[in-house]
Amino acid sequence: MNVDNNKIVAFCCANSAYQAADKAGKMRLCYPDNVRIIRVPCAGRVDVVHILKAFEKGAAGVLVMGCQEGACQHLTGNTRAKERLKYAGDLLKEVGIDRERVKMVNLAPDMAQKFICEIEVMMEKIKEA
Amino acid sequence: MIIAERKPFEEIKNMIVGYKRILVVGCRTCVTICWAGGEKEVGILSSQLRLQSSRNGDELSILEATVERQCEKEMVTQELGDKVQDIEAILSMGCGVGVQTIAEIYEEKPVFPALNTTFVGMPEKEGLWIETCGACGDCFLDRTGGICPVVRCAKGLLNGPCGGTRRGGKCEIDPEKDCAWVLIYRRLEKQGRLDLMRKYYEAKNYRKVKRPGKIEALEA
């Protein structure tokens, strides 16, 4: 992994976070250009392997963005994703990567500001290291 | 089903020190079901090893493969094919049998186990597996309603229960664990076979299976 890079991969649920990202665009809000958004049908689709692959391919941080708790279209997708992220954090820690480099974010489709805020928080975390 | 769990990453990492081209081999049978060595777990371990090596600046090349049954020589040779040719070491994510099968086929390559094979058991619920058979070679289940006291009783008693049964049918060794003999009693009660509880059984012959075990179905 290139330690100088600061790429962030954001797995965005099509029902919430992806729409929030879209709304951020419509509102002409600015956010860092090093974010790669990957649209997923549900946060629950994101597997530990996907997160590790993202780091393997050079990401410095991974965000999994899903619906707010209790609002998942697939009922438990976001809670499952949260559990998986804990496991992914453990696996990353084993190879010496800060477990905080992977984070679960719960969003509603209209939370464009929070979408940007979370990306900036992750950016700060990466820059600190 | 054989149950196994992955060794700590640190231990695996230390095993393969000095080797540059490694093949990680999973198995799609028992260890896939117990989330220890299936295709997904092969992907996770390989990814971890690649991340580790790129952080350390090692030039480690990790190949991945998963075979249908690692304990069958034909399947291993057929499915691995020529993937092994340029490999320096093999990291097996199969049970102990799988590791030994691969080691026997590719004698010139060092084969390392990435899993600890723990017991023969069954899935109780999602993410929980319990030991149910000790492979003692002299099955006792006809007398115990299909519950094996040899492995499920902490003391392996053939004539139970002992005095250590606690309230709610739990074991004195572990209050979370059910007393096997209470389970046996309840099962036999349902079947109307409680008379079996009154019978006395002599100590089992644990030497019935000579180790290492060997069964020959067809005599030459």
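The structure displayed is predicted, hence computed values, not measured ones. (Residues numbered from 1 in each chain as written. Chains lettered and ligands numbered in written order. Predicted model: local features only at pLDDT ≥ 70, side-chain atom pairs only at ≥ 80, totals over all residues.)

1. Remarks on the overall build of chain B
This is how the line gets drawn: Put simply, DSSP marks the helices as runs of H or I at least four residues long and the strands as runs of E at least two long, and each gets a number from the N terminus on. Put simply, the radius of gyration uses C-alpha atoms, and a globule should come to 2.2 Å times the residue count raised to 0.38. Residue burial is a threshold on neighbouring C-beta atoms within 10 Å of the residue's own C-beta, all placed from the backbone, with 20 or more meaning buried, 12 or fewer meaning exposed, and counts in between meaning partly exposed. Residues are defined as contacting one another if the C-beta atoms placed from their backbone atoms lie within 7 Å.
Along chain B, the regular secondary structure elements total seven helices and seven strands. Going residue by residue from the N terminus, the α and β elements of chain B occur as β-α-β-α-α-β-α-β-α-β-β-β-α-α. Taken over C-alpha atoms, the radius of gyration comes to 22 Å for chain B, far larger than the 17 Å a tight globule of 220 residues would show. By principal-axis analysis of the C-alpha atoms, chain B measures approximately 65 × 50 × 25 Å. Expressed as a percentage of the 220 residues in chain B, the buried residues total 30%. Residue pairs in contact within chain B that sit at least 24 positions apart in sequence constitute 55% of those at least 6 positions apart.

2. Looking at the overall build of chain A
Within chain A one finds four helices and four strands. For 129 residues, the compact-globule estimate of 2.2 N^0.38 gives 14 Å, and the C-alpha radius of gyration of chain A, at 14 Å, lies within 12% of that figure. Taken over 129 residues, chain A has a buried fraction of 44%. Of all intrachain contacts in chain A linking residues separated by at least 6 positions in sequence, the fraction that spans at least 24 positions is 78%.

3. Re the sheet that holds strand β6 (residues 115-125) of chain B
Residues and elements named next belong to chain B. This is how the line gets drawn: Any two strands are treated as partners once DSSP identifies two or more bridges connecting them. Fitting a line to C-alpha atoms yields each axis, with helices limited to the stretch in contact; the angle taken between N-to-C directions then spans 0 to 180 degrees.
Ordered by their spatial adjacency, three strands build an open sheet running β1-β6-β7, and the pairing between neighbours is antiparallel. The open sheet has two edge strands with one neighbour each: β1 (2-6) and β7 (128-133). Here the strands of the sheet are splayed against their neighbours by 70 degrees on average, with no regard to which way each runs. Where β6 meets β7, five bridges bridge the pair, whose relative direction is antiparallel.

4. Observations regarding the packing of helix α4 (residues 73-80) of chain B against helix α5 (residues 96-105) of chain B
Residues and elements named next belong to chain B. Spelled out, the test is: Each angle is binned into one of four classes, with values under 35 degrees roughly parallel, values over 145 roughly antiparallel, values of 65 to 115 roughly perpendicular, and all other values oblique. Two helices cross in a left-handed way if the nearer one is turned anticlockwise from the farther one by less than a right angle. They cross in a right-handed way if the turn is clockwise. Following the grouping adopted for this structure description, the nonpolar residues are Ala, Val, Leu, Ile, Met, Phe, Trp, Tyr, Cys and Pro, the charged ones are Asp, Glu, Lys and Arg, and the polar ones are all others, Gly among them.
Packing of α4 against α5 brings their axes to within 10 Å, and their N-to-C directions diverge by 65 degrees. Between α4 and α5, the crossing angle belongs to the class labelled roughly perpendicular. The hand of the α4/α5 crossing is right-handed. Residues Lys73, Val76 and Thr77 of α4 lie in contact with α5, whose contacting residues are Thr101, Ile102 and Ile105. Tallied by class, residues from the contact of α4 with α5 come to three nonpolar, two polar and one charged.

5. Describing the domain arrangement of chain B
To keep things clear, this is the line we draw: Each domain's extent is set by a domain assignment, obtained either automatically or from a database.
For chain B, the assigned domains read domain 1 (2-119) and domain 2 (134-198). Using only C-alpha atoms to locate each centre, domain 1 of chain B and domain 2 of chain B end up separated by 38 Å.

6. Notes on helix α2 (residues 48-56) of chain A
What counts here: For this quantity, the arc is that covered by the directions from the helix axis to the C-beta atoms.
Residues A:Val48, A:Ile51, A:Leu52, A:Ala54 and A:Phe55 constitute the buried set of α2(A). Here the buried residues of α2(A) occupy an arc of 155 degrees about the axis, which is enough to place them on one side. Taken together, the buried residues of α2(A) touch β1 (8-13), β3 (61-67), α3 (77-94) and β4 (102-107) of chain A together with α3 (39-56) of chain B.

7. Some remarks on unusual backbone geometry
A cis amide bond, omega 0 degrees, links B:Gly160 with the succeeding residue B:Pro161. Mapped onto the secondary structure, B:Pro161 falls in the loop between α6 (149-152) and α7 (180-191). For the bond running from B:Arg211 to B:Pro212, omega is -5 degrees, close enough to zero to count as cis. Within the secondary structure, B:Pro212 is located in the segment after α7. For A:Leu75, which is not glycine, the phi torsion reads 70 degrees and is therefore positive. Locating A:Leu75 in the fold gives a position in the loop between β3 and α3. With 12 C-beta atoms counted inside 10 Å, the residue A:Leu75 sits in the exposed group.

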